Amino acid sequence: MKINYVKLHNFRNHKDTLVEFDDGINTLTGQNGQGKTNVVEALVVASTTKSPRTSKEHDLINAFETSCFVEIEVQRNFGKVKIEYFIDKEQGKIFKINGNEIKKMSEVFGNLITVYFSPDELKIVSESPNERREFMDTDISQLSGSYYNLITRYNKVLFQRNKLLKTERNREMLMAQISVWNEQLAALAAPIIRTRKGFIEKLTGPAKQALKDLSKQTEELEIDYVGAKGTTVEELKKEILSALEYNLERDIELGYTSIGPHRDDIKFSLNGMDARNFASQGQQRSIVLALKIAEAEIFSAELGENPVLVLDDVFSELDTRRQKKLFEVVSSYQTIVTGTAFKFPKEQAYTNFRVASGIVKKMKK
Ligand SMILES: Nc1ncnc2c1ncn2[C@@H]1O[C@H](COP(=O)(O)OP(=O)(O)OP(=O)(O)O)[C@@H](O)[C@H]1O
Ligand SMILES: [Mg+2]
């Protein structure tokens, strides 16, 4: 797939911007603080409903305005898809797909499928489990809107169970109600974990290979899901249910649910050692790059068409070998890449856009 154009109106420092992308590599260049990342941020929101750099959607509205609007046209193999969103300080966020307002956020996923990579993505390896769950959930949701619905429903039930744990002081009342929530929670947890494990299994092969290519065959990557044991949904449900029962006293004390997919993690091991604690910064960066390359491959295989690669400020951080590898990968996708400047080989075809003070200009080749 490819993005034909993006229009931004009062989106961050873009008053009225139209960017008509070409196939292949599109570079957004300009000095710091001019609005390059803002453009790619608008694309990621259209793809995953969320900004990679803020959870406050009001931040996306120009500081002197009360609402903003983004329109994106995507060329799919079956035709064109128009994605629009409107964010208003009072009304919140509204999405439209092909002119129809959508009712569930899950319907946004699957229209524009992106692989997003920025230096900040290092957090997938280096930071808390929450970042790794977010990584899995966003990726899986791009392939399956029903997975996103499952997560939403799980979180609602979890909220109810936690509320009961926190507020019900009468033990008998608590005991009478908790088993219903345990049952519901386990029934939703099991397919979530099953799907995540399947995703990790698919990701591992291509990610291992990509890391080997990046590291001259020396680095052996393992990826494991850390959570309930079991393979089938039935096994997982049983496992979760008994863990909820086993941990009930602790949960009552804590006032929240201490086990389940909302606490699970992914473990990345490099040559047998936990990458979060033992891998160097450069090695961690390579793992994330390998994950992104693997992601692009899985998305292409599952969709039957390529995702769009959105790379914010990543080239300058990579050494020549890694730049070269990324470049090889990038050449088969529509890629939108930001940076202050690029030094591409002479024969490399690409389209450059200059970004200055929220104004984007396509440069003559
Ligand atoms: N809500 C907003 N309203 C107005 N301006 C904003 C808003 N949010 C961010 N900006 C402005 O956008 C600019 C930053 O844009 P962006 O992050 O896209 O820069 P960049 O070109 O990617 O820079 P760098 O090369 O440093 O990454 C800053 O000048 C900032 O003040
Ligand atoms: Mg930037």
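You'll find the structure just up there.
Residues numbered from 1 in each chain as written. Chains lettered and ligands numbered in written order. Predicted model: local features only at pLDDT ≥ 70, side-chain atom pairs only at ≥ 80, totals over all residues. Heavy atoms only, no water.

(A) Structural context of the sheet that holds strand E4 (residues 67–76). Strand order in the open sheet formed by six strands is E2-E1-E4-E5-E6-E7, with antiparallel pairing between adjacent strands. Two strands lie at the open edges of the sheet, namely strand E2 (14–20) and strand E7 (100–101), each paired on one side alone. By the bridge criterion, six bridges tie strand E5 (residues 79–88) to strand E6 (residues 92–97) in an arrangement that is antiparallel. Paired with isoleucine 87 across the strands is lysine 93, a residue of E6. Docked against the sheet, helix H1 (residues 36–48) engages strand E1 (2–11), E2, E4, E5 and E6, running at close to 110° with respect to E1. (Pairing = 2+ DSSP bridges. Helix = DSSP H or I, 4+ residues; strand = E, 2+ residues; numbered from the N terminus. Contact = heavy atoms within 4.5 Å. Axes fitted to C-alpha atoms, helices over the stretch in contact; angles between N-to-C directions.)

(B) Region of interest: the pattern of salt bridges. Counting across every chain of the model gives 24 salt bridges. Each of Lys208, Lys212, Glu220 and Glu222 takes part in one network of salt bridges that share partners. (Salt bridge = Lys/Arg side-chain N within 4 Å of Asp/Glu carboxyl O.)

(C) Spotlight on helix H3 (residues 129–143). An ideal rise of 1.5 Å per residue puts 21 Å on 15 residues; H3 measures up with 22 Å between its terminal C-alpha atoms. Within H3 the residues assigned to the buried category are Glu131, Arg132, Arg133, Phe135, Met136, Asp137, Asp139, Ile140, Ser141 and Gln142. (Expected span 1.5 Å × (residues − 1). Buried < 20%, exposed > 50% of the residue type's maximum accessible area, 1.4 Å probe, protein only.)

(D) Molecular detail of unusual backbone geometry. Even without a glycine there, the phi angle at asparagine 10 is positive, about 55°. In this fold, asparagine 10 is placed in strand E1. Judged by its relative accessible area of 5%, asparagine 10 is buried. Of note in the backbone geometry, asparagine 98 takes a positive phi value of approximately 50° without being a glycine. The partly exposed category is assigned to asparagine 98, whose relative accessible area is 46%.

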